[in-house]
Amino acid sequence: MKDLLKQAMDELKRQGVDYADARRVIGTSEILVMKNGKLETASVMESRGFGIRVLAGGAWGFSSSSLQTAEAVREVAAQALAIAKASATVGGGGVVLDERDAVIDRYESGFDEDPFEVQLSDKLSILAECCAGMSRTDGVKLSTASMMSFKNDKLFVSTDGSEIEQFIVETGGGIAATAMNDAGERQTRSYPASFRGDYATRGFEFTRSLDLAGHADQVGAEALELLNADECPAVHTDLIIGGTQLALQVHESCGHPIELDRVFGTEASYAGTSFLTTDKLGSFQYGSDIVNIVADATCEGGLGSFGYDDEGVPAQRTEIVTEGLFTGYLSSRESAPKIGQKSSGTMRADGWNRIPLVRMTNINLLPGAGTLEDLIADTDDGIFVDSNKSWSIDQRRINFQFGCEIAWEIKNGKRTRMLKNPVYTGITPEFWGGCDAICGEEEWHIFGIPSCGKGEPGQTAHVGHGVAPARFKNVEVGGKR
Amino acid sequence: MIEKTKLSALLKEALQASPADETELVVWSGTNALTRFAESRIHQNVYEENTYVTARVAVGKRTGVTMTNQLEPAELQSALARATEIAKASPEDPDFPGFPKSDAAPAADTFSDATAAMTPTQRAEAVSEAVDIAARKNTTLSGAYRISAFRFAVANTSGTDQSYDGTDAALSVFATDPNKVNGATSAYAKGIEGIDVAGTAQRAVDKCVAAANPVSVDYAPMDIVVEPRAVAEVISWLNFTAFGAKQVHENMSFMAGRFGEKVMGENITLVDDAFDTAGIPVPFDYEGVTKRPVTLIEKGVARSPVYDSLTAAKDGVANTGHAGSAAFRGGPAPRNLFITPGDKTRDELIGMVDRGIFVSNFHYVNGLLDTRRALFTGMTRAGTYLIEDGRISKAVKNMRWTDSMMRFFSEVAAMTKERETIGASWGAVGSVTTPTMLVRAFKFTGATEF
């Protein structure tokens, strides 16, 4: 296949295209979901194919096929060129890419235990143990345990002469207990994060390290406790946000608005644009001076880590917010030159049949100092929330609202009563401007989110967010509306 | 897409050679093309030819699923062998009813030759027409023109053997003025014959022009006149949280435990009917079961969720033919929803409001705050206006809302007789056909800067 794709690149060059690249991807995934000890989903999916992207007349065309024959490669290359020519008729092209040297390399993500070699019965027995643990609490009516594993075998070639192979393995899992009462109310508590858990670019050793079964009893007990907890009051207060929720806060209010393609309007009709317009770069105070955020695709094990992006650009670390000042974007070979920069290496595609888009890598809030208990002890009056339940943000990423699974009231430096149905809302720069404490490295963890959506047709990216619990001043918190 | 007799022979051969007790094969084979534009320029333009085969097998009451996109006999056999391995390693599911035997679905008008044959040049010409309309009003356009053409087939060892050819077409248009004010609309149909490119673009541009110079409004409960795109978005979320039997069994649905009770206003009747040609027909589900119409809400009373074979067997009721893909097991879900219309015009609805908000679109709706109360949040977007004394008076900045959809659909004071079919967010083929509604005292809970 490599030879066929290289021949296609040569032929496209001969036809005078500005640029072209081709990707062959073999993607395999496994989904296991057990509910109340019954296996709800056990599926293995494999998708193979290739896509060719052509820049001609300053405009893009892309075509792809699951067939992997010489004829299919020729047809797809011709189709991609025809599409590029059609694109150039509306708006006149104008795409210019940054300059890149050819790269010939192979990258493999590290893992100790291949998740696809682990016996299915071993995985199912862990899931069954999780369900049993959660269900030991009376009142838990639904116990859910899940694992997912992914591997991607990728080949990239381009008219620049690059030839890059990558092999990336990712795993993770999570548990959730839902308690219900006779009145029909339900409350869910999860571990290590809601919506299927935590994921990493590592082997099955990562899933084992989560010790899902070891947390099952506590998760079940907390679900029931939530059912009987007081409603979170509506107040303006100091808000401590735990890691699993803060990961999503970073994702929605920082990760998406720093996508430079989005800033230039390429997602306007669908997900929206961004308030972080290019005139703000280097001058806009995004947060307080303790807020430092980087985009780092080189973190070992981060779910947003890789060797090269899907334009063949090496993984990088970029400063996004430096002492509160907005200093950088996620960018591509097309978008970066528009602000006089080179790509920050974040173009990723969800498989062979999708074009790369600017995507988050690991968007990390750098740690401060101290433990969570230190932070709580330092808080006279506040609320501590964790574990996401709902999320919503406007099309420029300014007004947000998050619901969380759980909260605790903080009085005089102590965590007191549990509260249910916490919701908080804010305006992004005001909110980050109120960040007055971030816990230290001992609390810092990269949470992996395998479900970041973007683009049309829809694409799902695997991203990471390194965070430690942090405190925000005077946040609007409310219970159910 | 794969030729019909070749596909039939492949499936027959694979079923016969399967090592499992029972076998089901689901095939989607076809093409997707999408031309995306922003700032009045085509910036993404893609084409895909693909095949998905989902192989589900049963060994006794143990099941396993694999999915591949390769159709060669050896690949299918490999997928079936792997699915059988998974099944053998899985615990028994005592509720597994076996794969269903379905009668053949009636013929439905599901295919548009012109859509299947549409070229990139034709899509570019359509975008060019829309862009020209926008330029006349000093606005730029973003959006997407998507088409698909496919063959969908389901065969199993119980004797089910169904296939149909389908197409659909969707156009979204988002107009932006020099001050970054927006207006958005869309069109959805079985084929490109049903897409009014110029009309859709003109509506988006008109909304954008009318949205100029927005003012802030103190957020509080207010009457709203809400257009079909926004209504369809909340219905899409309810599709995910409420309307399937699985969500009812897990007590997630607002309807769980409330069947036979009034959960919405008496003027709300919600039906799923896959053969109603006012929407996009879909003859059968992912288990090959011919779809039946289901009344979910009748005059405000919760009547029934939709079922697949597993959930129907559990409840001891008829399978309604709403299974989803076995690879993901999201449970059964409606795909062709219709809300019974009212008798008003849009202007008459506006005339019934002393002071309120006209909502063209919602943005980033989330329906997980409290699924038992159907408590949702979201933003307004791309065409939000103040209604004063029965007339649209000016544009307003967008607002956040947080409200129960049970309350929302209980406070519908009137609806239009005209309905619009909106392509749903849950997949290539699926739609909500709904009127514009006047909803009393909708709960706005926040504001943004634009």
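Model, not experiment: these values are computed from the prediction. (Residues numbered from 1 in each chain as written. Chains lettered and ligands numbered in written order. Predicted model: local features only at pLDDT ≥ 70, side-chain atom pairs only at ≥ 80, totals over all residues. Heavy atoms only, no water.)

Trainee: Tell me what's going on with the overall build of chain A, and back it up with residues and numbers.
Mentor: A tally of regular secondary structure across chain A gives nine helices and 24 strands. The C-alpha atoms of chain A give 23 Å as radius of gyration, which agrees with the globular expectation for 481 residues (23 Å, within 12%). Dimensions along the principal axes, computed over C-alpha positions, put chain A at roughly 70 × 55 × 35 Å. Taken over 481 residues, chain A has a buried fraction of 67%. Nonlocal contacts in chain A, meaning residues at least 24 apart in sequence, comprise 74% of its contacts between residues at least 6 apart. Here chain A displays about 16,000 Å² of accessible surface, and carbon together with sulfur accounts for 46% of that area. Here chain A holds 46 positive side-chain charges and 69 negative ones, and the gap between their average locations is 5 Å. (Helix = DSSP H or I, 4+ residues; strand = E, 2+ residues; numbered from the N terminus. Rg over C-alpha atoms; globule rule 2.2 N^0.38 Å. Buried < 20%, exposed > 50% of the residue type's maximum accessible area, 1.4 Å probe, protein only. Contact = heavy atoms within 4.5 Å. Areas by Shrake-Rupley, 256 points an atom, 1.4 Å probe, with all protein chains shown as cover. Lys, Arg positive; Asp, Glu negative; His and termini not counted. Charge placed at Lys NZ, Arg CZ, Asp CG, Glu CD.)

Trainee: Pulling in residues and values, what's your account of the sheet that holds strand β11 (residues 293-296) of chain A?
Mentor: Residues and elements named next belong to chain A. Spatial ordering of the open sheet is given by β13-β12-β11-β16, a layout of four strands whose pairing is antiparallel. The open sheet has two edge strands with one neighbour each: β13 (325-326) and β16 (363-365). Relative to strand β12 (residues 317-322), β11 is paired through four bridges, and the arrangement is antiparallel. Across the sheet, I293 pairs through a bridge with V321, a residue of β12. In this fold helix α6 (residues 243-255) packs onto β11, β12 and β16, with an angle of close to 115 degrees to the strand it touches most, β16. (Pairing = 2+ DSSP bridges. Axes fitted to C-alpha atoms, helices over the stretch in contact; angles between N-to-C directions.)

Trainee: Before we move on, could you go through helix α3 (residues 120-135) of chain A and cite the residues and values that matter?
Mentor: Here α3(A) contains 16 residues, and its C-alpha end-to-end distance of 22 Å stays within 8% of the 22 Å for a straight helix at 1.5 Å per residue. Within α3(A), the full set of buried residues consists of A:L120, A:K123, A:L124, A:L127, A:C130, A:C131, A:G133 and A:M134. (Expected span 1.5 Å × (residues − 1).)

Trainee: Tell me what's going on with the interface of chain B and chain A, and back it up with residues and numbers.
Mentor: With 74 residues of chain B at the contact, the number on the chain A side is 78 residues. Roughly 6,500 Å² of surface becomes buried between chain B and chain A when both sides are summed, with 49% attributable to carbon and sulfur atoms. For the interface between chain B and chain A, the tally reads nine salt bridges. A salt bridge links B:R36 to A:E267, with the shortest nitrogen-to-oxygen separation between them at 2.7 Å. Across the contact surface, chain B and chain A share 48 residue pairs in polar contact (both at pLDDT 80 or more). With twelve residues, the top contributor of residues to the side of chain B that touches chain A is strand β2 (residues 41-59) of chain B. A breakdown of the residues in the side of chain B that touches chain A according to their chemical character gives 27 nonpolar, 28 polar and 19 charged. Relative to strand β3 (residues 62-68) of chain B, strand β2 (residues 38-56) of chain A runs parallel, the two being bridged by three bridges. Residue pairing in the sheet places A:M45 in a bridge with B:M67 of β3(B). (Buried area = accessible area lost by both parts, 1.4 Å probe. Salt bridge = Lys/Arg side-chain N within 4 Å of Asp/Glu carboxyl O. Polar contact = N/O pair within 3.5 Å; in protein donor to acceptor, adjacent residues only side chain to side chain. Nonpolar A, V, L, I, M, F, W, Y, C, P; charged D, E, K, R; others polar.)

Trainee: So what's going on with the pattern of salt bridges? Residues and values would help.
Mentor: Residue and element names in this part refer to chain A. In total, this model carries 57 salt bridges over all chains according to the counting rule given. A salt bridge links K473 to D238, with the shortest nitrogen-to-oxygen separation between them at 2.8 Å. Of this pair, K473 sits in strand β24 (residues 470-478) while D238 sits in strand β10 (residues 235-241); the two residues are 235 residues apart in sequence, bridging distant segments of the chain. The exposure class assigned to K473 is partly exposed, which follows from its relative accessible area of 39%. Classification of D238 by relative accessible area gives buried; the value is 17%. Across the pair E409 and R417 runs a salt bridge, and its minimum N-O distance is 2.9 Å. Owing to a relative accessible area of 15%, E409 belongs among the buried residues under this scheme. Judged by relative accessible area, which is 34%, R417 ranks as partly exposed. Here the salt bridges share partners, and the residues they tie into one network are K2, K6, R106, E108, E163 and E165.

Trainee: Residue-level account of the pairing of strand β1 (residues 19-35) of chain A, with values.
Mentor: Residues and elements named next belong to chain A. Of all the 17 residues making up β1, 16 are buried; the element is thus mostly covered by neighbouring parts of the structure. In this sheet, β2 lies alongside β1 in antiparallel orientation, the contact comprising 17 bridges. Opposite I31, over in β2, you have S43 as the bridge partner. Turn length for the β1-β2 hairpin, with the two strands adjacent in sequence and antiparallel, is two residues, and the turn residue N36 shows positive phi of about 50 degrees. In this structure, β1 lies alongside strand β5 (residues 140-158), joined through 15 bridges in antiparallel fashion. By the bridge assignment, A22 is partnered in β5 with V157.

Trainee: With reference to specific residues and values, describe the packing of helix α1 (residues 4-17) of chain B against helix α2 (residues 73-89) of chain B.
Mentor: Residues and elements named next belong to chain B. Relative orientation of the contacting elements α1 and α2 amounts to 40 degrees, with a least axis distance of 10 Å. What the angle tells us is that α1 and α2 run oblique. Crossing of α1 over α2 shows right-handed handedness. Counted together, L10, E13, A14 and A17 of α1 and P73, L76, Q77 and L80 of α2 form the full contact between these two elements. Classifying every residue of the contact of α1 with α2 gives six nonpolar, one polar and one charged. (Parallel < 35°, antiparallel > 145°, perpendicular 65-115°, else oblique. Left-handed = near helix turned anticlockwise from the far one by under 90°.)

Trainee: Now, about the packing of aromatic side chains: what can you tell me, with residues and values included?
Mentor: Residues and elements named next belong to chain A. Following the criterion strictly, the structure yields 33 aromatic pairs over all chains and no others. Between the aromatic rings of F195 and W391, the centroid separation amounts to 5.2 Å while the plane-to-plane angle is 75 degrees, which identifies the pairing as edge-to-face. Separated by 196 residues along the polypeptide, F195 in the loop between β7 (186-191) and β8 (198-200) and W391 in strand β17 (residues 381-393) bring together distant segments of the chain. Looking at F195, the relative accessible area reads 45%, which means it is partly exposed. One aromatic cluster in this structure is built from F275, F284, Y286, F400, F402, Y424, F431, W432 and F472. One cation-aromatic arrangement involves R333 over Y19; the distance from NZ or CZ to the ring centre is 5.2 Å. Directly above the ring of W408 sits R415, whose terminal nitrogen or CZ lies 4.6 Å from the centroid. (Phe/Tyr/Trp six-rings, centres within 6.5 Å; stacked < 30°, edge-to-face > 60°. Lys NZ or Arg CZ within 6 Å of the ring centre and 35° of its normal.)

Trainee: Tell me about the environment of B:V234, and name the residues and values.
Mentor: The residue B:V234 is located in helix α6 (residues 228-241) in this model. Here B:V234 falls in the buried class, since its relative accessible area comes to 0%.

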